[in-house]
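# Chain and residue survey
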Amino acid sequence: MPFTLPPLPYAMDALEPHMSKRTLEFHYGKHHQAYLDNMNKQIAGSELEAKTLEGVVLSSWNNGSPTPVFNNAAQVWNHTFFWENMKPNGGGAPSGKLADAINASFGSLDEFKAQFKNAGATQFGSGWAWLVADKAGKLTVEKTPNAVTPLVEGKTPILTMDVWEHAYYLDVQNRRPDYMNTFVEKLIDWEAVAKRFEAATA
Amino acid sequence: MASGRVINLARFLGRAAEPAAAAQSSALQYSTVGGVAAYKLPDLPYDHSALEPVISGEIMELHHKKHHAAYVTNLNKALEEYADAESNKDLQKMISLQSAINFNGGGHINHDIFWTNLCPEKDAAPPSGELLAAIEAKWGSLDKFTATFSAKTAAVQGSGWGWLGLNKETKALEIATCANQDPLAAKGLVPLLGIDVWEHAYYLQYKNVRPDYLKAIWKVVNWENVAQRYKAAKA
C-alpha cells in the first residue's frame, strides 16, 4: 500500500501573515508531495511498503550509510512533523512541565530561543533545527543537515524548524534570521510541543 | 584587532587542495582598509538584469548583493577573529572558527567563479577548439555532456554545486558535485564551470523545479570563460 500525505492541520492561508499561502502551496503541495511520490516509487514492491513511515526512515538510514530512499522518507516524516508543530496565532510561551523543563535545561525561555535560532543559523546549507527530549525530561537543541533527523539516533524530537531555503525564500528571501524570529515568536504550537514532551517522558 | 596579514584561504582547504586552491584564491580581490586585510565582493561583469529571462534580475541582485556579500562579510569577520586567536595562541578558538572560514571562504570562491561563468544570452556561444574536442572525447557530444551534468547536478541532495573541473594529474575533464560551499579544489580538481543549485540560485523563478533551471541555464553559460580557465589549468 503506498503511503499518503496527511492533510495540513490548517488551511493554506491560515498561517498568514507569518508564513504565506504561497509558501505553503509550494512547500506542502510540491516539495512535501514530491518527497512522498518519489518515496512511493522507490519502495513499490519492496518489503519497506509494509513498514510504518518511521520504520522506512530507520531502515533506509542503514546505520549511517543511507540508501536513496532515506532522503525522501525522512523528508516526508520531517515535514509532517513540521506542520504539526505550527498553528495559526502560535507563539507565546509554553507552560507547565514543559516550561519547567525548558528553564531547567536552558536557564530560561529566552536562552532556549537564542540557542534554537543559533542552531538554525549555523546549519550551513539545508537542514533542520530541533528540540529533543530524553526520557528524564532533559532538553537539548540539535541541528541536522539535509534530511537527517534525530530519529536515526534513537532520540525523541519534540519541536522542529525547517531551514532549507524553500521554507522561507518566497517570504523573506535571504533573511533566514527574520524567518526564524517569526517562527519562534508567531508560529510554534506550544501545546503540540507539550504533548510530545509528555509522550517522550511518560 | 587583526594583525593586517592576508590569510590565504588555501591554508584551510586541505593539503591536497593547496596548489589548485592557492591558484584559485589568489585571484580573489582583497583590500587593506585601516591596516586590516579584507576580501572584497567583486562586481558582476554585467548588469543584474542582463541574464534575463533565464535568470531574473531579482534573483541576481539577491544572489550577488545579499548572499555573496554575506559570505564575504562573514569570511572577513572569521579571518579577523582567527588572526586574533592565533596571536593569542588560542588553539581551541582557532579550531572552532574553521567551519565558518571553510563555509564562507568556499562560498566566496565559488560565487567569484560563477559570475564569470555566465554571460548574457546574446553573447553566449557554444564551446569550440580544444575544449570542445575534450568534451566530445569524454562524453561523445556537447549535448550528452550537458545532459549528464544536469542530471548529476539535479541529484545534489540539499544545497551544493555541479562542476566541470580539470583533474590536474590526469589532465582529464571531470564532472563533480560538491555539497554546500565545499570548494571543488578539495577534490583535486581545478574548477572550470560551476552551476549553483542552492535554492536561492533559482527558487523565486523556478520554485521547486530545479531541472527546469538546469535546462535553461545552458543558454547563459560563458564558454569563452570556461575555455580560458581550461587553458590556464592545463598550463
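Here, every reference points to the structure presented above.
So, here is what we can say about the structure in this document. (Residues numbered from 1 in each chain as written. Chains lettered and ligands numbered in written order. Predicted model: local features only at pLDDT ≥ 70, side-chain atom pairs only at ≥ 80, totals over all residues. Heavy atoms only, no water.)

### What about the overall build of chain A?
Helix and strand content of chain A: eight helices and three strands. For chain A, the α and β elements follow one another from N to C terminus as α-α-α-α-α-β-β-β-α-α-α. Radius of gyration (C-alpha) of chain A: 16 Å, near the 17 Å computed for a compact globule of 202 residues. Taking the principal axes of its C-alpha atoms as reference, chain A extends roughly 50 × 40 × 30 Å. Going through the 202 residues of chain A one by one, you find that 52% of them count as buried. (Helix = DSSP H or I, 4+ residues; strand = E, 2+ residues; numbered from the N terminus. Rg over C-alpha atoms; globule rule 2.2 N^0.38 Å. Buried < 20%, exposed > 50% of the residue type's maximum accessible area, 1.4 Å probe, protein only.)

### Examining the packing of helix H1 (residues 21–43) of chain A against helix H3 (residues 68–84) of chain A
All names here are of chain A. Where H1 meets H3, the closest approach of the two axes is 8 Å, and the angle between their N-to-C directions is 140°. Regarding H1 and H3, the two cross each other, and that crossing is left-handed. The segment H1 lies against H3, with Leu24, His27, Tyr28, His32, Tyr35, Leu36, Asn38, Met39, Gln42 and Ile43 engaging Pro68, Val69, Asn71, Asn72, Ala73, Gln75, Val76, His79, Thr80, Phe82 and Trp83. Its residues assigned to classes, the contact of H1 with H3 comprises twelve nonpolar, nine polar and no charged. (Axes fitted to C-alpha atoms, helices over the stretch in contact; angles between N-to-C directions. Left-handed = near helix turned anticlockwise from the far one by under 90°. Contact = heavy atoms within 4.5 Å. Nonpolar A, V, L, I, M, F, W, Y, C, P; charged D, E, K, R; others polar.)

### Examining the sheet that holds strand S2 (residues 139–145) of chain A
Residue and element names in this part refer to chain A. Reading across the sheet, the three strands line up as S2-S1-S3 and stay open at both edges, with antiparallel pairing between neighbours. Only two strands of the sheet have a single neighbouring strand rather than two, namely S2 and strand S3 (156–162). Going from strand to strand, the sheet's axes swing by 25° on average, the running direction of each strand aside. Judged from the seven bridges that link them, strand S1 (residues 127–133) and S2 form a sheet pairing that is antiparallel. Considered in S2, the bridge of Trp130 is made with Glu142. (Pairing = 2+ DSSP bridges.)

### A look at the interface of chain B and chain A
Contacts between the two partners involve 17 residues from chain B, matched on the other side by 16 residues from chain A. On inspection of chain B and its partner chain A, the count reaches zero salt bridges. For the pair chain B and chain A, the number of links is seven residue pairs in polar contact (both at pLDDT 80 or more). Listed by contribution, the elements that provide at least two residues to the side of chain B that touches chain A are helix H2 (57–87), helix H3 (91–117) and helix H6 (203–206) of chain B. Grouping the amino acids of the side of chain B that touches chain A by side-chain chemistry returns six nonpolar, eight polar and three charged. (Salt bridge = Lys/Arg side-chain N within 4 Å of Asp/Glu carboxyl O. Polar contact = N/O pair within 3.5 Å; in protein donor to acceptor, adjacent residues only side chain to side chain.)

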